[in-house]
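Inside the fold
Chain residues, written in single-letter form:
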Amino acid sequence: IGDRSGEAMLLNNMGDASLEMGEYHQAGQYAAQAARIFEDVNETVSRGSALINRAEACRGLGQFQLARDLALQALALLRAGHHRHGEAVVLDNLSMVELALGQAEQAEASALAAWQVAQQSGLKALQAGILRNLGRAQTALRRWPLARQSLLQAAEIAQELAAPLVLLEVRAAQAELAWMA
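A brief report on the enclosed structure follows. (Residues numbered from 1 in each chain as written. Predicted model: local features only at pLDDT ≥ 70, side-chain atom pairs only at ≥ 80, totals over all residues. Heavy atoms only, no water.)

Turning our eyes to something else, we now look at unusual backbone geometry. We note that His-82 has phi near 55°; this positive angle belongs to a residue other than glycine. Mapped onto the secondary structure, His-82 falls in the loop between helix H4 (64-80) and helix H5 (84-100). For His-82, a relative accessible area of 69% translates into the label exposed. The backbone phi angle of Ala-162 is positive, close to 55°, even though this residue is not glycine. Along the chain, the position of Ala-162 falls in the loop between helix H8 (144-160) and helix H9 (164-180). (Helix = DSSP H or I, 4+ residues; strand = E, 2+ residues; numbered from the N terminus. Buried < 20%, exposed > 50% of the residue type's maximum accessible area, 1.4 Å probe, protein only.)

What follows concerns the environment of Leu-19. On the secondary structure map, Leu-19 appears in helix H1 (residues 4-20). For the pair Leu-19 and Glu-56, spaced 37 residues apart in sequence, the C-alpha separation works out to 7.7 Å. Residues in contact with Leu-19, not counting those within four places in the same chain, are Tyr-24, Ala-27, Asn-53, Glu-56 and Ala-57. (Contact = heavy atoms within 4.5 Å.)

Here we take up the packing of helix H3 (residues 44-60) against H4. Their axes nearest at 8 Å, the elements H3 and H4 cross at an angle of 165°. Between H3 and H4, the angle falls in the class roughly antiparallel. Here H3 and H4 pass one another in a crossing that is left-handed. Taken together, the residues of H4 that come into contact with H3 (itself represented by Thr-44, Val-45, Arg-47, Gly-48, Ser-49, Leu-51, Ile-52, Arg-54, Ala-55, Cys-58 and Arg-59) are Phe-64, Leu-66, Ala-67, Leu-70, Ala-71, Gln-73, Ala-74, Leu-77 and Leu-78. Here the residues of the contact of H3 with H4 are counted per class, giving 13 nonpolar, 4 polar and 3 charged. (Axes fitted to C-alpha atoms, helices over the stretch in contact; angles between N-to-C directions. Parallel < 35°, antiparallel > 145°, perpendicular 65-115°, else oblique. Left-handed = near helix turned anticlockwise from the far one by under 90°. Nonpolar A, V, L, I, M, F, W, Y, C, P; charged D, E, K, R; others polar.)

It is worth spelling out the pattern of salt bridges at this point. Scanning the entire structure with this criterion turns up 10 salt bridges. Among the ionic pairs, Arg-59 bridges to Glu-56, the shortest N-O distance being 2.7 Å. With Arg-59 and Glu-56 both in helix H3 and 3 residues apart, the pair spans about one turn of that helix. For Arg-59, a relative accessible area of 26% gives the class partly exposed. For Glu-56, a relative accessible area of 15% gives the class buried. The residue Glu-160 makes a salt bridge to Lys-124 at a minimum N-O spacing of 3.7 Å. Of this pair, Glu-160 sits in helix H8 while Lys-124 sits in helix H7 (residues 124-140), and the two are 36 residues apart along the sequence. Accessibility expressed as a relative area gives 55% for Glu-160, which makes it exposed. Three or more residues are tied together by salt bridges with common partners; here these are Arg-79, Arg-84 and Glu-87. (Salt bridge = Lys/Arg side-chain N within 4 Å of Asp/Glu carboxyl O.)

What follows is the structure, given as structure tokens:
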């Protein structure tokens, strides 16, 4: 058909599906192909989205430094395209990667930045997950009161939104905090 943008969108969607199924290697391949095509057709925000997927695939494979590098590239593209939702998502994902790299200070800063973007943009659906990751970073930094506050707020939002999976993840982070504190 010659619709390169459509081809890239399809590849990116296939990458999303592969991520959901835990097929990280395949997801990374789809996302890399999509990112290249989006770059060729000069679709900055879509390329940023594909780089987020590739970074998530790398995180799933334990390739944390590469995941961080890709997330930073995606962040620059999404900020340039004024895509606030994508910016919040990539900052939140970046916080998880930084925590995995043992960079708890950076993880906290990324989660706080994600929280600010989500609040300013009214992205309620992202807020519980962001606060969960903020609480995890604060737990790693032994900032117990702040971690408790972040995780409590995350649980309240997850309950309000009827998001059982997020609530379960928040409860797990709360248990981790209780065990460490």
